[in-house]
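Report on the structure
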Amino acid sequence: MIKIENLCVDFPIFSLRNINLFIKKGEFFVLLGPTGAGKTVLLEAIAGLIPVKRGKIYIGGRDVTDSPPEKRDVSILYQDLALFPHLTVLGNIKYGLRFKKNNPVRAKKIMSELIEKLHLAPLLNRLPETLSGGEKQRVALARALVVEPCVLLLDEPLSSLDPSFREEVREYLKRLHQDTGITFFMVTHDFEDVLYLATKAAMMNQGEIEQVGEVSDIFQKPSSHFVANFVRAKNILSGKLVEKKGHIFIDTGNIKVEVTNCNLESGREKVYFAVRPEDIVISRNPLSSSARNLLSGRVQEILHRGPVLYVTVDVGEKITALITKASFEEMELRKGDKVFLAFKATAVHVFV
């Protein structure tokens, strides 16, 4: 559905470099990255709102690299929504239809369906200034979808909403994607958006794509130090890759961690590895389990985060485990307590 080949965009103080992406028809694709990574620039390049230095953009098999925005069959929804303040809700929803020659009967049918799905009927005669954040977002979605685009581009559509509205609109987005089959391309830095909505994701940093893949791979198998840090793997360490009796270990100089599914040759002087806190089991006594890695140390720090806690243990290196509040209270953990950490070799992801 969307194919991007070697795309480059140049501005005086920022550029996109060699962007390659392929997004299948009907996917909910999410682009992650920090502020300033270039996510919105890529979105606007797909929409035809900024010039491309080189490379190609295909939508639905058509080369649209040099096509004007209105010829690309996409709709774009910004975080500020850009509703027309002088138009009613109904006027805002109908606005895009004047630029697209839809069959009037079909256009009316689609508009009626969207008004029903998004629960907008009671709002049709109101002006945007009288609406809540969640209501404005639903109106903007209806306006973007009424023209039946092949692709809906969303630029951090939930970032400015209160938590209650965010949950509401996130649910609407999921339902609309399932009901319409439209290809969604959303920019965000919110992990909840990704985990709840995305069928596939990419990570961007400083104008380049760092990693593309399944959502689980982005979070569980980061391909670089940047990705691991951004997705809060927390335990990111480095060491030498060594082999002993057919087993592969990473020796940090302080601890040895066994790994599997490592495609790198042993003997490398420096590799990185990450273990997510939720993959680590913490206990008062050594566990009898299949976990290959068992380390002992003392509790250094305890961070309360609502129903869960992060417990950092000094095992020669500082490693953080996640524990539920109930387990924490049952174990009666305190700073300085001796504990054991266990995690499987398959939970250790290695990268360079």
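Bear in mind that the values here come from a model prediction, so they are computed numbers and not experimental data.

**Looking at the packing of aromatic side chains**
Overall, the coordinates contain 7 aromatic pairs when judged by the stated rule. Judged by centre distance (5.8 Å) and plane angle (75°), the ring pair of Phe191 and Phe230 falls under edge-to-face. With Phe191 in helix H6 (residues 191-197) and Phe230 in helix H8 (residues 225-230), this residue pair connects regions lying 39 residues apart in the sequence. Of the two residues, Phe191 and Phe230, neither departs from the other in class, the shared state being buried.

**Let's talk about the pairing of strand S14 (residues 271-275)**
Counting buried positions along S14 gives 4 out of 5 residues, so the element sits mostly inside the fold. Relative to strand S20 (residues 349-351), S14 is paired through 3 bridges, and the arrangement is antiparallel. Bridge pairing in S20 places Ala274 opposite His349.

**Structural notes on the side chain of His177**
Within the secondary structure, His177 sits in helix H5 (residues 163-180). With sequence-adjacent residues up to four places away left out, His177 is seen in contact with Gly26, Glu27, Phe28, Ile182 and Phe184.

**Some details on the pattern of salt bridges**
If the charged atoms of two oppositely charged side chains come close together, the side chains can form a pair. Counted according to the given criterion, the structure contains 15 salt bridges. Here Arg17 and Glu208 are joined by a salt bridge, their closest N and O atoms 3.2 Å apart. One end of the pair, Arg17, is in strand S2 (residues 15-23); the other, Glu208, is in strand S10 (residues 208-213), and 191 residues separate them in sequence. On the basis of relative accessible area, Arg17 is assigned to the partly exposed category, the value being 33%. Here the residues in one salt-bridge network are Glu167, Arg170, Glu192 and Asp193, joined through shared partners.

**Re the sheet that holds strand S16 (residues 293-305)**
Ordered in space as S15-S19-S16-S17-S18, the 5 strands form an open sheet in which the pairing is antiparallel. Strand pairing shows two members of the sheet lacking a second neighbour, strand S15 (281-283) and strand S18 (318-324), which therefore form its edges. Shown here is a sheet whose adjacent strand axes are inclined to one another by a mean of 45°, direction ignored. With 7 bridges joining them, strand S17 (residues 308-314) and S18 adopt antiparallel strand pairing. Its bridge partner lying in S18, Tyr310 is registered against Leu322.

Parameters and conventions
Residues numbered from 1 in each chain as written. Predicted model: local features only at pLDDT ≥ 70, side-chain atom pairs only at ≥ 80, totals over all residues. Heavy atoms only, no water. Phe/Tyr/Trp six-rings, centres within 6.5 Å; stacked < 30°, edge-to-face > 60°. Helix = DSSP H or I, 4+ residues; strand = E, 2+ residues; numbered from the N terminus. Buried < 20%, exposed > 50% of the residue type's maximum accessible area, 1.4 Å probe, protein only. Pairing = 2+ DSSP bridges. Contact = heavy atoms within 4.5 Å. Salt bridge = Lys/Arg side-chain N within 4 Å of Asp/Glu carboxyl O. Axes fitted to C-alpha atoms, helices over the stretch in contact; angles between N-to-C directions.

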